[in-house]
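Now for the letters of each chain:
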Amino acid sequence: MKVIDLIHSNKKTAFSFEILPPLKGTGIDKLYQTIDTLREFDPKYINITTHRSEYVYKDLGNGLFQRNRLRRRPGTVAVAAAIQNKYNITVVPHILCSGFTREETEYVLLDLQFLNITELLVLRGDKAKHESVFTPEGDGYHHALELQEQINNFNKGIFVDGSEMKVSSTPFSYGVACYPEKHEEAPNIETDLYWLKKKVENGAEYAVTQLFYDNRKYFEFVEQAKAAGINIPIIPGIKPFKKLSQLSMIPKTFKVDLPEDLVKEALKCKNDAEAEQVGIEWCVAQCKELMDHGVPSIHFYSIGAVDSIKEVAKIIY
């Protein structure tokens, strides 16, 4: 079933979560443990992130280095298929501009279609670690809008080179990302909303937010989006605060603010175990308020926070 239909058909706020493919060579068992831990809360779908290749340098001695491309977390398509087969649940692999050429994207779409995986989250993705600004891979795309166009054409039976498919299959449906505290590269929230509206006009059925800890910013963003003519579901993305080091790491990494009350409580903690409990309590209150406001779904970012999410879910679901 399509994600948008799963959301609309649920009588209460739906539950979903995001996972990472395992590191190269580490196997999939730990990932299954994560799913087994959270499956009791009836997730409507599971997102699987996609990771671009990065350049690494091998020291050859004598001052020489060899540059190699390495993808530390391959296998998004295979992981999505394995989860769908094992758990009979809707899976939503991420598909990126970052690190992929148009042809590589086409092959990903073909593989997914063969596997009857037709739900996607369409993203530009992050710049490579060695880049100062985002740079497409080969003839790849600068913006998620361009990637949407390729997917839309694929749905119409048109390959990236303009040739036509002999047989068409179930079309892809997709969501996109949005940023209640604006994307770090956007000059202002109005510009960010302009591009989100373009994504909606181009076929996005829902949007999932960057993680946030201040519900007021989410509610304000939703109202601004509605005023701009954006009427798709905007799903809050949530991740429990867990470690004292995150007081500085979260704002730096995700470009979001931590509310003063959360920071005050975290600073009272003597260790990470106490901080984790503060994070769980904050997340429970945050989710309850979101649910009271009738959000269609809550999407949890599970990386490094599975146990906390389980404790939150026990209370709110």
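Going by an unreviewed UniProt entry, the protein carries the name Methylenetetrahydrofolate reductase and comes from Bacteroides xylanisolvens. Turning to the protein, the UniProt annotation filed under Sequence similarities (unreviewed entry) states: "Belongs to the methylenetetrahydrofolate reductase family." Looking at the Catalytic activity (unreviewed entry) heading of the UniProt record, one finds this comment for the protein: "(6S)-5-methyl-5,6,7,8-tetrahydrofolate + NAD(+) = (6R)-5,10-methylene-5,6,7,8-tetrahydrofolate + NADH + H(+)".

Caption draft 1: Inspection of the overall build of the protein at higher detail. A tally of helices and strands in the protein yields eleven helices and ten strands. The C-alpha atoms of the protein give a radius of gyration of 20 Å, which matches the 20 Å a tight globule of 317 residues would have. Viewed in the frame of its principal axes, the protein has a C-alpha envelope of about 60 × 60 × 45 Å. Of all 317 residues assigned to the protein, the portion counted as buried reaches 50%. Within the protein, contacts between residues separated by at least 24 positions form 76% of all contacts whose residues are at least 6 apart in sequence.

Caption draft 2: Quick look at the pairing of strand 5 (residues 90-96). Of all seven residues that make up strand 5, seven are buried, and the element is covered over most of its length. The two faces of strand 5 match: Thr90, Val92, His94 and Leu96 on one face and Val91, Pro93 and Ile95 on the other face are all buried. Here four bridges tie strand 2 (residues 45-48) to strand 5, and the two strands are oriented parallel to one another. In the strand pairing of strand 5, Ile48 is matched with Pro93. Sheet topology note: the strand 5/strand 6 (residues 119-123) ladder contains three bridges and is parallel. Paired with Ile95 across the two strands is Val122, which belongs to strand 6. Once you follow strand 5 into helix 4 (residues 102-114) and on to strand 6, the crossover reads as right-handed.

Caption draft 3: Fine view of the pairing of strand 9 (residues 234-238). A large share of strand 9 lies buried, amounting to five of its five residues. The side-chain alternation of strand 9 yields two buried faces, one formed by Ile234, Pro236 and Ile238 and the other by Ile235 and Gly237. In the sheet, strand 9 pairs with strand 10 (residues 297-301) via two bridges, with the strands oriented parallel. Across the sheet, the residue bridging to Ile238 is Phe300, located in strand 10.

Caption draft 4: Up close: the sheet that holds strand 9. Strand order in this closed barrel of eight strands is 1-2-5-6-7-8-9-10, and the pairing throughout is parallel. Strand-to-strand, the axes of this sheet are offset by a mean angle of 30 degrees, without reference to chain direction. Bridge count between strand 7 (residues 173-178) and strand 8 (residues 207-211): three bridges; the pairing is parallel. Bridged to Ala177 within strand 8 is Val208. The sheet contacts of helix 3 (residues 76-87) involve strand 1 (14-19), strand 2 and strand 5, and relative to strand 5 the element is tilted by about 170 degrees.

Caption draft 5: Highlighting the packing of helix 2 (residues 29-38) against helix 11 (residues 306-316). Direction vectors running N to C along helix 2 and helix 11 enclose 10 degrees, while the axes themselves pass 10 Å from each other. By the angle class used here, helix 2 and helix 11 are roughly parallel. Read as a crossing pair, helix 2 and helix 11 show a hand that is right-handed. Each of Thr34, Thr37 and Leu38 in helix 2 lies in contact with helix 11, whose residues at this interface are Val306, Ile309 and Lys310. Considering only residue class, the contact of helix 2 with helix 11 consists of three nonpolar, two polar and one charged.

Conventions used here
- Residues numbered from 1 in each chain as written.
- Predicted model: local features only at pLDDT ≥ 70, side-chain atom pairs only at ≥ 80, totals over all residues.
- Heavy atoms only, no water.
- UniProt positions renumbered as here; feature names shortened; annotations may be inferred.
- Helix = DSSP H or I, 4+ residues; strand = E, 2+ residues; numbered from the N terminus.
- Rg over C-alpha atoms; globule rule 2.2 N^0.38 Å.
- Buried < 20%, exposed > 50% of the residue type's maximum accessible area, 1.4 Å probe, protein only.
- Contact = heavy atoms within 4.5 Å.
- Pairing = 2+ DSSP bridges.
- Right-handed = clockwise from strand over helix to strand, strands pointing away.
- Axes fitted to C-alpha atoms, helices over the stretch in contact; angles between N-to-C directions.
- Parallel < 35°, antiparallel > 145°, perpendicular 65-115°, else oblique.
- Left-handed = near helix turned anticlockwise from the far one by under 90°.
- Nonpolar A, V, L, I, M, F, W, Y, C, P; charged D, E, K, R; others polar.

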